[in-house]
Amino acid sequence: MQIVHTIADLRAALAGRGRPAFVPTMGNLHAGHLALVRQAKPLGDVMVASIFVNRLQFLPHEDFDSYPRTLQDDADKLAAAGCDVLFAPSEKDLYPEPQTFKLQPDPQLADILEGHFRPGFFTGVCTVVMKLFACVFAGGPGVAVFGKKDYQQLMVLRRMAAQFALPVQIVAGDICRADDGLALSSRNGYLGAAERAQAVQLRQALQALAAQALQPGADLAQAEAQALAALQRQGWQPDYLTVRQRSNLQPPSGALQAGTLVALAAARLGSTRLIDNLEF
Ligand code: PAF
């Protein structure tokens, strides 16, 4: 696996190598990231991963400074998973001048849920992903794979790619879970032992809400309020726990139809904020 740090070196590494299959990450890789790499690999001629902790998508009080930077370990894992080229720019490499041009995503999709609790998050995500796409796909079209764990991010980036007619096919990767059902996340490493044992409650809350929502005659608002209160009683500080339409992440209108919905949650356990979702 070739490791490059600058945009110029990345473009040189990809020149003449065909369609890139790309997995962007912020590093501190776990089995979920590596599954995305394995999924992406056969979708292109050259498998490219990036590691870049993107300051633009962190709020001032969030964990940008403490976000684990584990480049050597990540590079070993990526090489073993079949990655051909790792793009690991420094901030100066990716943003040689301050990134004053930013991408403003559709507020209907990006200012709800995560975007409501983390204002500017999707502007930061879209801006860096657009820039990474400009670096990786400069030589021609390809594929990028994003995990469904960041469900709203996947939808926002899909819309971005479609509306700007980007030469990038966006592919979704399934959520990887630990044996107890906790969605794999780089932030799980922040959990203490007792919190880690408790963390699966977030998924259980989503499962309970989905089951409740599909009961005949269910009152969705009431089911959401009950699920939120139950999570609070277990010691979580939830930001949201809600059922939305998969198509646009808006609240469902009319009768709830199984197979069209997704339950999404974000909640803090101690000082660690976790997100998860469940399609149903
Ligand atoms: O999902 C992530 O790790 C990040 O949001 C991404 C897509 C790499 C952009 O920084």
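Predicted model only: the values in this text are computed from it and were never measured. (Residues numbered from 1 in each chain as written. Predicted model: local features only at pLDDT ≥ 70, side-chain atom pairs only at ≥ 80, totals over all residues. Heavy atoms only, no water.)

1. Here we look at helix α1 (residues 7-14)
Phase 1: For α1, the complete set of buried residues consists of Ile7, Leu10, Ala13 and Leu14. The arc that holds the buried residues of α1, viewed along the axis, is 125°, so those residues lie on one side. Opposite its buried face, α1 presents the exposed residues Ala8 and Ala12, each directed more than 90 degrees away.
Phase 2: Close packing links the buried residues of α1 with β1 (2-4), β3 (46-51), β4 (85-87), α4 (91-94) and α7 (121-136).
Phase 3: One or two residues past the end of α1 sits Gly16, with phi positive at roughly 75°. (Buried < 20%, exposed > 50% of the residue type's maximum accessible area, 1.4 Å probe, protein only. Helix = DSSP H or I, 4+ residues; strand = E, 2+ residues; numbered from the N terminus. Arc of directions from axis to C-beta. Contact = heavy atoms within 4.5 Å.)

2. Comments concerning the site of the ligand
Phase 1: Every residue lining the ligand is accounted for by Pro24, Thr25, Met26, Asn54, Gln57, Val125, Val128, Phe146 and Gln153.
Phase 2: Gln57 has a polar side-chain atom sitting 2.7 Å from an oxygen atom of the ligand.
Phase 3: The contact in question runs from an oxygen atom of the ligand to an N or O atom on the side chain of Gln153, over 2.7 Å.
Phase 4: Contact with the protein chains covers 88% of the free accessible surface of the ligand, which is 290 Å².
Phase 5: Elements that contribute at least two residues to the shell around the ligand include exactly β2 (20-25) and α7. (Near = heavy atom within 4 Å. Polar contact = N/O pair within 3.5 Å; in protein donor to acceptor, adjacent residues only side chain to side chain. Areas by Shrake-Rupley, 256 points an atom, 1.4 Å probe, with all protein chains shown as cover.)

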